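Examination of the molecular architecture
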Amino acid sequence: MKTLFSGMYDWFGTYLFYSKDMGDHLNGMDITCTDFIGTPWYMIVGFIMLILTLFIYAIQYHIYDKSRFNKKHHLWIMMFVNLLLNFLVATILASNSVKEGYCSELSLTTMDCIGFGISNAIWSFIFHFIITSITVFRRLSINCRNTTFWKP
Amino acid sequence: MKRLFVFAIGGTGSRVLKSLSMLMAAGVKPTNSDYEIVPIIIDPHKSNEDLKRTERILFNYQAICKSIGTQNGFFSTQISTLNNLVNPNKVATSFTFDLQQVGGKKFKEYIDFNLLGESNKALADILFSGKSINKRNEEVNLLDVEMDIGFVGNPNIGSVVLNQFKDSQEFKDFASIFNDGDRVFIISSIFGGTGASGFPTILKNIRNAKSLSNIQSKGFLQDSIVGAITVLPYFNLETETEEGNKSPIQRSHFIAKTKAALSYYSENLSGNNSINALYYIADDSKGKSYKNDPGDNGQKNDAHFIEMASALAIIDFLEIPDSELQCSDGKALSPTYKEFAMKNDTDSIKFSDFDNYTESKISKRLSQLTLFHKFIKEQLNNSIEKEAWSTSQPVIDKKFINDSFYRTYVTEFLTSYNDWLEEMATNKRGFSPFNLGNNLQNLIKDKTVKTNWLGKVNFDFNFFNDMLAKKSRNINYTSPEEKFIKLFNDATEEILKEKFGF
């Protein structure tokens, strides 16, 4: 899982929104700069992102599941909430990890933390998009079974 | 499937038939028996608005059933025309028995009065003395009555003209398709002209079928199970026509005519066991007066509770087992006579005023159809193409609501249903179990919506949409039309159970 999340964030995040150093730190570079044996932040944030997105999807599609909240604009609202939460989670966790200390060879800034938040938010959006596009999951919903970006 | 041939005679016949259509559309049907209904309307007054409205309602009902079948809760009783049964390929069919030689003809012309000898003319003068009215509301002699406005309260004319029934193609068709197990029901009023004369005439021809030539299934017909409702006076009439003339049809004559007809019936119908089940219904309520218009314009009477109760007699008749309605040589072995009674005598009847049987028979089904109509009227446009039940296959989209099935048949039928309810509610005695203009929560009088654990009433169109979505999930419908009717039947049933405890 660690490799999966590392690959995911490195592919779409590192260089684009934050520095390679931030990428190494989140990948678990330990404080002594020995190896990637420190806290695997990519994996932790990645799991939280997945669970949060699934939870927010489930709230709309399976827990609340009412006709008063099954339109496309409601899906946009939930996407935005998910995006915001994931941005905050990633930014705060990254920022706290930096405050706790990191490998002295790395150069990390606040903008790196925000950049990681943006990257995580985008991934949560993509993940939310994928879940709501899978008919098999959606079909389990009563009122939101046709709520997706693919239908008008 | 067994058939019930319903002869609806005169204006009251048409109105009772209309009520029967509404009940059947709601899904009211006899317990443990399934009949195909074959209405045959007998009324010389072709421009009668009640007749035209009933024909339109039956046409729409039939079109709906043709499209979706009869397994969907609403519209679950097959209605056919006699023509359809005899010739299934015929497109243009009618529910109306085509009375010959009445259009634009005076009664004296019908009986060839001028060709009679002097003694027969004198006899006809005696038998048909008195005054009546023509379609221009002018007073005329009875022999000069123009029959295309009916028999204007003169059963003596009706009994002559309607006797042509036995020689008609319709009667031959009816006899030829009549099978063992089929039944006949005759609806008529006793206080007018057409119904009072038509009922004994038709019954006589059925019971004497063996003696008629060119008739098939004579044995079946003669010993068929025949029920009837004879409607005694139940409404008032204005004493004058719109033009200010005194009408020949007066409520004060109703009682005298009723007594005379009952006396005749006691000898010739009930007295000789001609009928298996005879229902009597009347209302002495001094209610709203109807416009007195015997002429060419009209007879468009508001729907009345008595007509609905009369339609219930047909349901009751179909619930009586064959074993209790046996005939031998055209005579009922154990004839039964019934009246309609209620728990409470009130001017504005609600479901709780009925006895338990009637209440259980109609309250849920009528409430379901009323909920269905309310949704269509007030919410459908907001839900179409937006809600899951609408966007799931088969899709109920804007194209669907522009097609004739919805736009013509369903909408017209449900508008008539709403008119029927409104007319009954404003009539006297009224039948008003619904607050039609109110919100969903207060729709059914006498019924309180259940609250949730927070003490809140959660019943609005969103809840309705939720239920539609729930009920449509994982169901394979064969067509959008079938889905539309079946889904609303299932959803309204569940809503009433969950929210009103039906």
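Just above, that's the structure.
Residues numbered from 1 in each chain as written. Chains lettered and ligands numbered in written order. Predicted model: local features only at pLDDT ≥ 70, side-chain atom pairs only at ≥ 80, totals over all residues.

1. Regarding the nonpolar core
Taken as a class, soluble globular proteins show a tendency for nonpolar side chains to be buried jointly. Residues and elements named next belong to chain B. Operational definition: To count as a nonpolar core, a set of buried Ala, Val, Leu, Ile, Met, Phe, Trp, Tyr and Cys residues must be joined through C-beta atoms within 7 Å. The burial criterion counts other C-beta atoms lying within 10 Å of a residue's C-beta, which is placed from the backbone; the residue is buried at 20 or more, exposed at 12 or fewer, and partly exposed between these limits. Comment: elements are numbered from the N terminus, with helices defined as DSSP H or I runs of at least four residues and strands as E runs of at least two. For the domains described, the bounds stem from an automatic or database domain assignment. Working definition of a contact: two residues with C-beta atoms, positioned from the backbone, lying within 7 Å.
Within the largest apolar cluster, 168 residues are counted, with the highest numbers of intra-cluster contacts made by Val 6, Phe 7, Ala 25, Ile 40, Ile 186 and Ile 187. Counting residues per element, this core draws most heavily on helix 11 (residues 305–319), at eleven residues. Counting contributing residues per domain, this core is built from domain 1 (2–99 + 152–340) and domain 2 (352–500), each supplying no fewer than three. Leaving out residues up to four positions away in the same chain, Ala 25 has contacts with Tyr 61, Phe 74, Phe 75, Leu 369, Phe 413 and Tyr 417.

2. Some words on the sheet that holds strand 6 (residues 225–231) of chain B
Residues and elements named next belong to chain B. Put simply, the test is: Pairing between strands is defined by DSSP: at least two bridges between the two strands are required. Here, axes are lines fitted to C-alpha atoms. For helices the fit covers the stretch in contact, and angles between N-to-C directions go from 0 to 180 degrees.
A sheet is described by the order of its strands in space; here six strands give the open sequence 2-1-5-6-8-12, paired in parallel fashion. Of all the strands in the sheet, the pair left with one neighbour each is strand 2 (35–42) and strand 12 (336–339). The mean inter-strand angle of the sheet, taken between neighbouring strand axes irrespective of direction, is 15 degrees. Direction of pairing for strand 5 (residues 183–189) relative to strand 6: parallel, over a ladder of seven bridges. Looking across to strand 6, one finds that Ser 189 is bridged to Val 231. Each of strand 1 (2–9), strand 2, strand 5 and strand 6 touches helix 1 (residues 10–26); the most contacted strand, strand 5, lies at about 125 degrees to it. Helix 8 (residues 194–207) contacts strand 1, strand 2, strand 5 and strand 6 of the sheet and is inclined by roughly 160 degrees relative to strand 5.

3. Side note on the packing of helix 17 (residues 461–472) of chain B against helix 18 (residues 480–500) of chain B
All names here are of chain B. Our working definition: Just so you know how the angles are binned, under 35 degrees is roughly parallel, over 145 roughly antiparallel, 65 to 115 roughly perpendicular, and the rest oblique. In this scheme the crossing of two helices becomes right-handed for a clockwise turn of the near helix relative to the far one and left-handed for an anticlockwise turn of less than a right angle. Under the scheme applied, nonpolar residues are Ala, Val, Leu, Ile, Met, Phe, Trp, Tyr, Cys and Pro; charged residues are Asp, Glu, Lys and Arg; polar residues are all the others, including Gly.
Close contact between helix 17 and helix 18 brings their axes to 9 Å; oriented N to C, the two are set at 120 degrees. If you check the angle between helix 17 and helix 18, you find them oblique. Crossing hand, helix 17 versus helix 18: right-handed. Across from Phe 464, Met 467, Leu 468, Lys 471 and Ser 472 in helix 17, the residues of helix 18 making contact are Leu 487, Asp 490, Ala 491, Glu 494 and Ile 495. Class assignment of the residues belonging to the contact of helix 17 with helix 18 gives a composition of six nonpolar, one polar and three charged.

4. Structural notes on the packing of helix 4 (residues 72–100) of chain A against helix 5 (residues 110–133) of chain A
Residue and element names in this part refer to chain A. The interhelical angle for the contact between helix 4 and helix 5, taken along N-to-C directions, is 145 degrees, at an axis separation of 7 Å. Here helix 4 runs over helix 5; the crossing is right-handed. Only Cys 113, Ile 114, Phe 116, Gly 117, Ile 118, Asn 120, Ala 121, Ser 124, Phe 125, His 128 and Thr 132 of helix 5 make contact with helix 4, whose side of the interface consists of Leu 75, Met 79, Asn 82, Leu 83, Asn 86, Phe 87, Leu 88, Ala 90, Thr 91, Ala 94, Ser 95 and Val 98. In the contact of helix 4 with helix 5, the residues fall into 14 nonpolar, nine polar and no charged.

On their own, these measurements won't tell you what the molecule is for.
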